[in-house]
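In case you want the letters, here they are:
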Amino acid sequence: MIIQAEGIEKDFTREGLKDISFRIVPGSFTLITGESGSGKTTLLNIAGGMLHPDRGRVFVDGRDLYRDYTRKERIRLLGSDLGYMMQGVSLIPSLTVKDNITYPLVLTGREYDNEKLEEILNQLGIYEVRDSYPGRISGGEYRRALLAGVLLSEPKILFCDEPTSNLDSDSAAVVTDMLYSYVNPDRSVVVATHDTAFDRADAHVELRRIPVNGIGINAD
Amino acid sequence: MYIDFARKDLGAQKKVVCLLLLIFFTSSFSIFAGGLFTRGITRGVDETVERLGSGMIVVPSGYDEDVQSTLFEGKACTIDLDSTWTKELLSAEGVKAVSPQRYIATLSAECCAAGGIQMIAYDPDTDFVISRWFNDQEIAGPGLNEIIVGKSTGFSAGETVRFFGREFLVKGVLEETGMGYDTSAFISFDTAGAIAAEDGYSLIYPSVDGVEQISMIMVSVEEGYTEESVCAEINSLYGTKGISAYTTGSMVKTLAQKLSGLKSVFSFFDVILVLIESVAVFSVVSMNMLQRRSAIGRLISVGVTEDIMMRIIFEEYMLILAAAVTASVFSGIMLIYPFEGLLHSLIDMPFQLPGPADTLILIGETLLVNAAVLLIAVLITGNSFYKREPALIIREDVA
């Protein structure tokens, strides 16, 4: 699966995205970096089908994500070919970690492999807390549980927004390793971060803060 | 499985659950209890119309309200009317048959097993109203020292009860009528005469100047005549001589008017209540969805579409609604059914609680009204919520 972004622009009150183009190909690890407020999350949202760009287009295997897909189809795509570990989302407090991970699949009538689930939980080091409630696990475990929920559907392109933020170094290392190891010839990963632990990438989009009415391109 | 998830999810939102339970309970209870009440009166009035049938009632002038309160509310009274009117009326044009009745209020004293019961003496040979009811229940008319009692008197068939110093065998119990007959007891004129013949009880069936005193006369009309025309004829002939004729329809019409007014009042309050409920439910649902936006956002980000989200949220609230309706129905039944008699005595109208089928329909309506309010609130809130870009549902400052 290939994602091609062309001339993406998005205006916000203070900052915006200007003429961003990039391409995500299978087997690649792409980093989106930049200072706070430079639009990393916005760009990820646009590439992940969660936010219309003001200008520009995003193609998924040649189909325009915002013109050829309905809103419902875009969301469905997120649970199948695309995976998105967003910031600011939360688990359902009344469900166990395991139920939180499997609940979306149950709701959408998708099967999941229990062995695969256990493997992911083990890899992320949260197998022991699978039956705990989100309120009773650490912040690091919480973030890893969110990642596990995205990984279970084995997306072809995985978007992660600040996957290591607020994690201790051990947890961050687990997540970083997991994301690097997720890449294979059919799968690619896009990470928006300012964590220097992500020191390897096949492609790098660096964003700079620019005023909305300014002139220039904010990506290198 | 969804239900299990929904139940667990609700467990973590105790404040919202309590708030919605309170709103739904208040609304459901008002609709259900109010519905039981108005349907009880409607059923009572319908039963009254059916039991009285078409015909007329002739009473001493000025006693029409007493008769109405006796017939419809079960208030005991004693009314005297010369029995000679029976023959007189029979000779009036259009009158097919007449049947006298004597109303005697029982006394709460040593002489009587219960006070406040309306004793009705009637003539089983000429009667064309009460006998029909007994025949339907296969109860033969009461013989000497036999009595047939109304449902609310508390007596049972086969037992012996004491009235006016005399033992009566309860021959049967009239099924519930919702009318004054529920607190009445029926005896024959022969029995009334026998009681009156004893010392101290002459007022039960008195004679004034050698004329036996009855209370009212039921009149049926010949074919080719209308009740209204015969009624007008009787009133023009005898109105000045101390009697008045009323069609049963005109007596029931007053009831129907009262019922209609009562229903309007209840409907008005129901509408107001549902409007208030709608605003309250809408506010709670909006607030709750905002509180849950990060969890909802996460589900969207892993492919759970908005229609599924809306369905889950609606199902969760429906669980609360079902619990509230169950509690309100239980409370309504516990509050109204045991006090049917008290309610009847307070409302001055015929009253008969709805049967199981009607009650089930009422429960269904209660659930439906609340579910509709809930569905609209969820749809409106959901639509305004999901109108935003998926990323903006989670956070506004996505830059």
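Everything in this summary refers to the structure shown in the same document. Along each chain, residue indices are assigned from 1 in the same order as the chain's sequence is written. To label them, take the chains in the order written and letter them from A, then take the ligands in the order written and number them from 1. Predicted model: local features are reported for residues with pLDDT of at least 70 only, side-chain atom pairs are reported and counted for 80 or more only, and whole-chain, interface and lining totals are derived from all residues. With hydrogens and water stripped out, all remaining heavy atoms of the structure feed into the side-chain values.

**Quick look at the interface of chain B and chain A**
The contact criterion used throughout is that any non-hydrogen atoms of two residues lie within 4.5 Å. Chain B puts 33 residues into the contact, and the matching count from chain A is 37 residues. The term buried area means the drop in 1.4 Å probe accessible area that two parts suffer when joined, counted for both and summed. With both chains or domains summed, chain B and chain A bury close to 3200 Å², and 64% of this area falls on carbon and sulfur atoms. A side-chain nitrogen of Lys or Arg and a carboxyl oxygen of Asp or Glu constitute a salt bridge if their distance falls within 4 Å. Linking chain B to chain A there are two salt bridges. A salt bridge links Asp 307 of chain B to Lys 72 of chain A, with the shortest nitrogen-to-oxygen separation between them at 2.8 Å. Two N or O atoms form a polar contact when they lie within 3.5 Å of each other; inside protein one atom must be a possible hydrogen donor and the other a possible acceptor, and for residues adjacent in sequence the pair counts only when both atoms belong to side chains. Across the chain B-chain A interface, the total number found is nine residue pairs in polar contact (both at pLDDT 80 or more). For the side of chain B that touches chain A, the secondary-structure elements that each account for two or more residues are helix H1 (2-11), helix H9 (293-301), helix H10 (306-336) and helix H13 (390-394) of chain B. Helix and strand definitions here come from DSSP, where helices need a minimum of 4 consecutive H or I residues and strands a minimum of 2 consecutive E residues; each element is numbered from the N-terminal end. In terms of residue count, H9 of chain B provides more of the side of chain B that touches chain A than any other element does, seven residues in total. Considering only residue class, the side of chain B that touches chain A consists of 19 nonpolar, five polar and nine charged. Residues are sorted three ways: Asp, Glu, Lys and Arg are charged, Ala, Val, Leu, Ile, Met, Phe, Trp, Tyr, Cys and Pro are nonpolar, and all the rest, Gly among them, are polar.

**A short note on helix H5 (residues 139-151) of chain A**
One less than the residue count of a helix, multiplied by 1.5 Å, gives the span that helix is expected to have. In this model, H5 of chain A (13 residues) spans 19 Å end to end at C-alpha, consistent with the 18 Å of a helix rising 1.5 Å per residue. Each residue is placed in one exposure class: buried if its accessible area under a 1.4 Å probe, protein chains only, is under 20% of its type's maximum, exposed if it is over 50%, and partly exposed if it falls in between. Where burial is concerned, most of H5 of chain A is hidden: eleven out of the 13 residues are buried. Every buried residue of H5 of chain A is accounted for by Gly 140, Glu 141, Arg 143, Arg 144, Ala 145, Leu 146, Leu 147, Ala 148, Gly 149, Val 150 and Leu 151 of chain A. Buried residues belonging to H5 of chain A abut strand S6 (82-85), helix H3 (97-107), helix H4 (114-123), strand S7 (157-161) and helix H6 (169-182) of chain A together with H9 of chain B.

**Thoughts on the pairing of strand S3 (residues 29-34) of chain A**
Residue and element names in this part refer to chain A. Most of S3 sits inside the fold, with six of its six residues counted as buried. Residues of S3 alternate between two faces, with Phe 29, Leu 31 and Thr 33 on one and Thr 30, Ile 32 and Gly 34 on the opposite face, all of them buried. Pairing analysis gives four bridges linking S3 to strand S8 (residues 188-192), with the strands arranged parallel. Bridging across to S8, Thr 30 finds its partner in Val 190. Strands are labelled as partners when DSSP assigns at least two bridges between them. Note that S3 and strand S9 (residues 203-207) share five bridges and pair parallel. The partner of Ile 32 across the bridge, within S9, is Val 205.

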